[in-house]
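One letter stands for each residue in the lines below.
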Amino acid sequence: MAGGVTVNKTAYRVAAKVAGQDPEMDRVAARVAAVASAEALRHKRSGDLAGSIRVRRGRKDRVITIDDPEALHIEYGHLAGGRGKGARWVPGLHILSKAVKRVG
């Protein structure tokens, strides 16, 4: 490396493990999940969706999931009315995406 500086090849793993133990990770993940749940409740027939938003804790990270079977279609949109001429695109609500942006 330039200037004689050497970085341990596994330093990123150590840094991720240290960051993953920080309680701030839990607080931010919980805040994103709460904002996502509140956003979901603003939409018609979304009680099941809002109630299925969870924070799952890994060893080094947090993952916010939606356990509703329609989550993918709700988040990103879907085709309604079949595939023929009567089909129409229903835009996604982008609930998780919006929550992440709001929390920062």
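Details of the structure are given in the entry above.
Residues numbered from 1 in each chain as written. Predicted model: local features only at pLDDT ≥ 70, side-chain atom pairs only at ≥ 80, totals over all residues. Heavy atoms only, no water.

## Structural notes on the environment of Lys-9
Structurally, Lys-9 is set in the segment before helix 1 (11–20). By relative accessible area, Lys-9 is classed as exposed at 77%. Separated by 11 residues in sequence, Lys-9 and Gly-20 place their C-alpha atoms 19 Å apart. (Helix = DSSP H or I, 4+ residues; strand = E, 2+ residues; numbered from the N terminus. Buried < 20%, exposed > 50% of the residue type's maximum accessible area, 1.4 Å probe, protein only.)

## Structural notes on the side chain of Glu-39
Structurally, Glu-39 can be placed in helix 2 (residues 23–41). Using a relative accessible area of 4% as the deciding quantity, one classes Glu-39 as buried. At 3.3 Å, the side chain of Glu-39 and the side chain of His-43 are in polar contact. When near neighbours in sequence (up to four residues on either side) are disregarded, Glu-39 contacts Ile-95, Lys-98 and Arg-102. (Polar contact = N/O pair within 3.5 Å; in protein donor to acceptor, adjacent residues only side chain to side chain. Contact = heavy atoms within 4.5 Å.)

## Structural notes on the pairing of strand 1 (residues 53–57)
Two elements, strand 1 and strand 2 (residues 62–66), share 5 bridges in a ladder whose sense is antiparallel. Looking at strand 2, one finds that Arg-57 is bridged to Arg-62. Joining the antiparallel neighbours strand 1 and strand 2 is a turn of 4 residues. (Pairing = 2+ DSSP bridges.)

## A short note on the side chain of Thr-65
You can see Thr-65 is positioned in strand 2. According to the relative accessible area criterion, Thr-65 is buried, its value standing at 18%. At 3.4 Å, the side chain of Thr-65 forms a polar contact with the side chain of Arg-56. When sequence neighbours within four positions are dropped, the list of residues in contact with Thr-65 reads Ser-52, Ile-53, Arg-54 and Arg-56.

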